[in-house]
Amino acid sequence: MFPMQQKGGCAVNGWRMCFFILLGLNALHDLRKREILLTPTLIYCFILLWRCLLSETSGETLLMDCGPGILLLGLSIGTKGKVGVGDCWILLASGLELGLYAAIVVLWSAVMLITAVSVGFLLSGKTNRTEKQELPMVPFLFAAALSWQLFCG
């Protein structure tokens with residue numbers, strides 16, 4: 001592990017701050033254009049992979065940390081793109097930066113937030129059941145990850 005880096009701990013180092021800044025920028029971009037900033041996100045994912053390899057993280061741990069992102073990628077392929085591939089990259093970065101447990105909690109929390117907002121739209125009459133309403137996922141992942149860091153991390 002790198003100094004100040006504690007998976008599941010409350011230490012916030014420069015890399016963790018970079019992660020939340022990138023996640024916040026991606027959330028804003030996803031709200032506006034329904035896409036993520038792919039190049040910076042991919043670069044950050046490769047930097048995280050490189051850090052894990054330099055810290056002699058075991059292959060099993062690395063694969064498990066990437067698991068939620070890989071699982072979401074399978075879901076994206078299975079739904080023919082209804083779940084964006086960009087969401088998969090964001091979740092992959094979350095797993096590498098925050099750890100497996102946190103990535104699972106972040107994904108679950110984001111899905112619960114999306115569900116609550118969707119039910120809110122239905123109850124408020126802003127949308128009807130026959131109309132197709134698409135919500136960007138990254139802002140919910142950002143809210144969930146930030147909440148996890150503040151309250152659990």
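Residues numbered from 1 in each chain as written. Predicted model: local features only at pLDDT ≥ 70, side-chain atom pairs only at ≥ 80, totals over all residues. Heavy atoms only, no water.

1. With respect to the overall build of the protein
For the record, the criterion: Comment: elements are numbered from the N terminus, with helices defined as DSSP H or I runs of at least four residues and strands as E runs of at least two. Classification of residues uses two cut-offs on accessible area relative to the type maximum, computed with a 1.4 Å probe and protein chains only: under 20% is buried, over 50% is exposed, and between them is partly exposed. Whether two residues touch is decided by their heavy atoms; if any such pair falls within 4.5 Å, the residues are in contact. Throughout, the Shrake-Rupley method with a 1.4 Å probe supplies accessible areas, and for residues the shown protein chains are the sole cover considered.
In terms of helices and strands, the protein carries six helices and zero strands. Starting at the N terminus and ending at the C terminus, the protein contains elements arranged as α-α-α-α-α-α. Taken across its 153 residues, the protein has 39% of its residues classed as buried. Of all intrachain contacts in the protein linking residues separated by at least 6 positions in sequence, the fraction that spans at least 24 positions is 68%. Accessible surface, the protein: about 8900 Å² in total, of which carbon and sulfur atoms supply 71%.

2. A closer look at the nonpolar core
Rules: Grouping buried Ala, Val, Leu, Ile, Met, Phe, Trp, Tyr and Cys residues that are joined through side-chain atoms within 4.5 Å yields what is termed a nonpolar core.
Counting 33 residues, the largest nonpolar core has Phe19, Leu96, Leu98, Val106 and Leu141 as its most contacted members. Broken down by secondary-structure element, the contributors of at least two residues to this core are helix H1 (14–33), helix H2 (38–54), helix H3 (59–78), helix H4 (85–98), helix H5 (100–124) and helix H6 (138–151). With seven residues, the top contributor of residues to this core is H4. With sequence-adjacent residues up to four places away left out, valine 106 is seen in contact with Leu98, Leu141, Ala144, Ala145 and Trp148.

3. A few points about the confidence of the model for the protein
The cut-off we apply is this: Confidence scores labelled pLDDT are given residue by residue by the predictor and lie between 0 and 100.
When the pLDDT values of the protein are averaged, the result is 84; 89% of them are 70 or greater. When mean pLDDT is taken per element in the protein, H6 scores highest with 92 and H3 scores lowest with 88. Note on residues 1–12: pLDDT under 50 across the span, and 31 contacts to partners over four residues away in sequence or across chains.

4. Notes on the packing of H3 against H4
Two quantities define a packed helix pair, namely the angle between the axes and the distance from one axis to the other. Note the following rule: Simply put, an axis is a line fit to the C-alpha atoms, just over the touching stretch for a helix, and the angle between two N-to-C directions goes from 0 to 180 degrees. Working definition: roughly parallel below 35 degrees, roughly antiparallel above 145 degrees, roughly perpendicular at 65 to 115 degrees, and oblique for all remaining angles. When the near helix sits turned anticlockwise from the far one by under a right angle, the crossing is termed left-handed; a clockwise turn instead gives a right-handed crossing. In the scheme used here, Gly and all other residues not listed as nonpolar or charged are polar, with Ala, Val, Leu, Ile, Met, Phe, Trp, Tyr, Cys and Pro taken as nonpolar and Asp, Glu, Lys and Arg as charged.
As a packed pair, H3 and H4 sit with axes 8 Å apart at the nearest point and diverge in direction by 165 degrees. On the basis of their axis angle, the class for H3 and H4 is roughly antiparallel. Classified by chirality, the crossing of H4 by H3 is right-handed. Taken together, the residues of H4 that come into contact with H3 (itself represented by Leu62, Asp65, Cys66, Pro68, Gly69, Leu72, Leu73 and Ser76) are Val85, Asp87, Cys88, Leu91, Leu92, Gly95 and Leu96. Within the contact of H3 with H4, the residues separate by chemical class into 10 nonpolar, three polar and two charged.

5. Remarks on the environment of leucine 25
One can find leucine 25 in helix H1. The class for leucine 25 is partly exposed, based on a relative accessible area of 44%. C-alpha separation for the pair leucine 25 and phenylalanine 142, spaced 117 residues apart in sequence, amounts to 9.5 Å.

6. With respect to the layout of surface pockets
This is how the line gets drawn: Space inside and on the surface of the protein is sampled on a 1 Å grid over the protein atoms alone, with a cavity defined as a set of points where a 1.4 Å probe fits but cannot get out and a pocket as an open set with protein on both sides within 12 Å along at least 5 of 7 lines; lining residues have an atom within 4 Å of a point. Grid points are joined across faces, edges and corners, and a volume is the space filled by probe spheres set on the points.
In this model, the largest pocket occupies a volume close to 470 Å³. Among the elements of the structure, H3, H4 and H5 are those that each provide at least two residues to the lining of the largest pocket. The class makeup of the residues in the lining of the largest pocket is nine nonpolar, three polar and seven charged.

7. With respect to unusual backbone geometry
Positive phi outside glycine occurs at arginine 34, with the angle close to 60 degrees. Of the residues examined, arginine 34 reaches a relative accessible area of 46% and is grouped as partly exposed. If you check the backbone angles, lysine 80 has positive phi at about 55 degrees while not being a glycine. Residue position: lysine 80 is located in the loop between H3 and H4. Residue lysine 80 is classed as exposed on the basis of its relative accessible area of 78%.

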